Amino acid sequence: MKKAKAILLLSGGLDSMLVGAILKRENIDVLAVRFVTGLEYPVIKNELMNIHYDDPAKKAADFLNIPIRFISLKDKYIDMFLNPKYGYGSSINPCLDCHILMLKTAKKIMEEEGFDFIATGEVKGQRPMSQKSQDLINSIRESGLEGKLLRPLSAKLLPITIAESKGLINRENLYDIYGRSRQVQMELTKEFGIDDYPIPSGGCCSIVDKSYGRRYEELVSHNGREIINMELMQYLAIGRHIRIDNNAKLILGRNENENDALEKRERKNAITFRPNYNKGPFGYLELYGEVENIKEAVLKSANIMGYFSKEDTETLSITVSYANNEKEIIEIDNKKSKETQFTQIL
């Protein structure tokens, strides 16, 4: 009998890592797939600020000695994000719709490359937004994976899959884990010799962060959902954000890496503020439409930059660059800039 072939959705978290170990124990050929939405904090830091990170899924795949394939969902993600059939979680996280998008993409690979089934680390009742009983049913129905989606950690609590009924994997060797307690998983780590894994959390994904969610809601309340794209979404995750005008928002770097990320950003529909001094942020004024008094907006932005300057000179010189490549140098009073009134979007 030929070995079964499975696609494993591997995040690098403990549950999906355990599933990889279970599948290997059951003598199944496994391809790990790591989906990248573009809104994971480590990905944003890497793409905008060149901060390298060790991807947990790659680390897990290396430990399990299974091949891994990285697949970007960036070209499909925004449309799904703006129109989630199953809504958002506690912030702006469309967890179930995101999971369905991943399953649909994995299904295509499964069919094109001859895999027998797809496996995930889902645990029935563990996550309120995507792993309730009805959520597990909905994700199968929406992705078209009836009988083809195996959740080994909760398999005995779920309908039998084709792989189990055909004997490709022994259902008796699978589990009946339910809920948020990880006691069984902790026992399994000992069995499989897993002692290095991330602390369980949703913290990797920026849109789960309520502070990020407030920035997003502030943006769309002023400027509408029509402007949303992946670049705007990624830059919501870095810097200080300050509303200047209904159609203008200032972003200031909080450190050298964020300053560099803002400075290298494309300057279409934006005005940039380069400090001609060492101790202070780089500024990027996003423009979403016509600004009633652009000179006033520029001057206020420059003074807010001065507020965050650590220089002790009397005046601060700032080079302002416009989208039409025109430039001007503004000098502001350092002391007076510290009295500037503004509100950060936190």
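Thresholds applied
- Residues numbered from 1 in each chain as written.
- Predicted model: local features only at pLDDT ≥ 70, side-chain atom pairs only at ≥ 80, totals over all residues.
- Heavy atoms only, no water.
- Helix = DSSP H or I, 4+ residues; strand = E, 2+ residues; numbered from the N terminus.
- Expected span 1.5 Å × (residues − 1).
- Buried < 20%, exposed > 50% of the residue type's maximum accessible area, 1.4 Å probe, protein only.
- Pairing = 2+ DSSP bridges.
- Axes fitted to C-alpha atoms, helices over the stretch in contact; angles between N-to-C directions.
- Salt bridge = Lys/Arg side-chain N within 4 Å of Asp/Glu carboxyl O.

Student: Explain helix H12 (residues 294-307) here, please?
Tutor: Count 3.6 residues to each turn of an α-helix, and residues three or four apart come out pointing the same way. Across its 14 residues, H12 extends 20 Å between first and last C-alpha, which sits within 8% of the 20 Å expected from 1.5 Å per residue. Along H12, the residues classified as buried are Ala297, Val298, Ser301, Ala302, Asn303, Ile304, Met305 and Gly306.

Student: Whenever I open this one, the sheet that holds strand S8 (residues 270-275) confuses me. Can you help?
Tutor: Remark on secondary structure: sheet strands pair via backbone hydrogen bonds, oriented parallel or antiparallel. The 6 strands lie next to each other as S6-S7-S9-S8-S10-S11, forming an open sheet whose pairing is antiparallel. The open sheet is flanked by strand S6 (240-245) and strand S11 (327-333), the only strands paired with a single partner. Recorded for the sheet is a direction-independent mean angle of 25° between the axes of neighbouring strands. Looking at chain direction, S8 and strand S10 (residues 315-321) are connected through 4 bridges and run antiparallel. When the bridges of S10 are listed, phenylalanine 273 appears paired with valine 320.

Student: Mind showing me how you'd approach the pattern of salt bridges here?
Tutor: Applying the stated rule across the entire model yields 20 salt bridges. Between glutamate 26 and arginine 25 there is a salt bridge; the shortest N-O distance is 3.0 Å. Of the residues examined, glutamate 26 reaches a relative accessible area of 16% and is grouped as buried. Across the pair glutamate 142 and lysine 85 runs a salt bridge whose closest N-O atoms are separated by 2.6 Å. With glutamate 142 in helix H6 (residues 133-143) and lysine 85 in the loop between helix H4 (74-82) and helix H5 (95-113), the pair connects residues that are 57 residues apart, well separated along the chain. What makes glutamate 142 partly exposed here is its relative accessible area of 22%.

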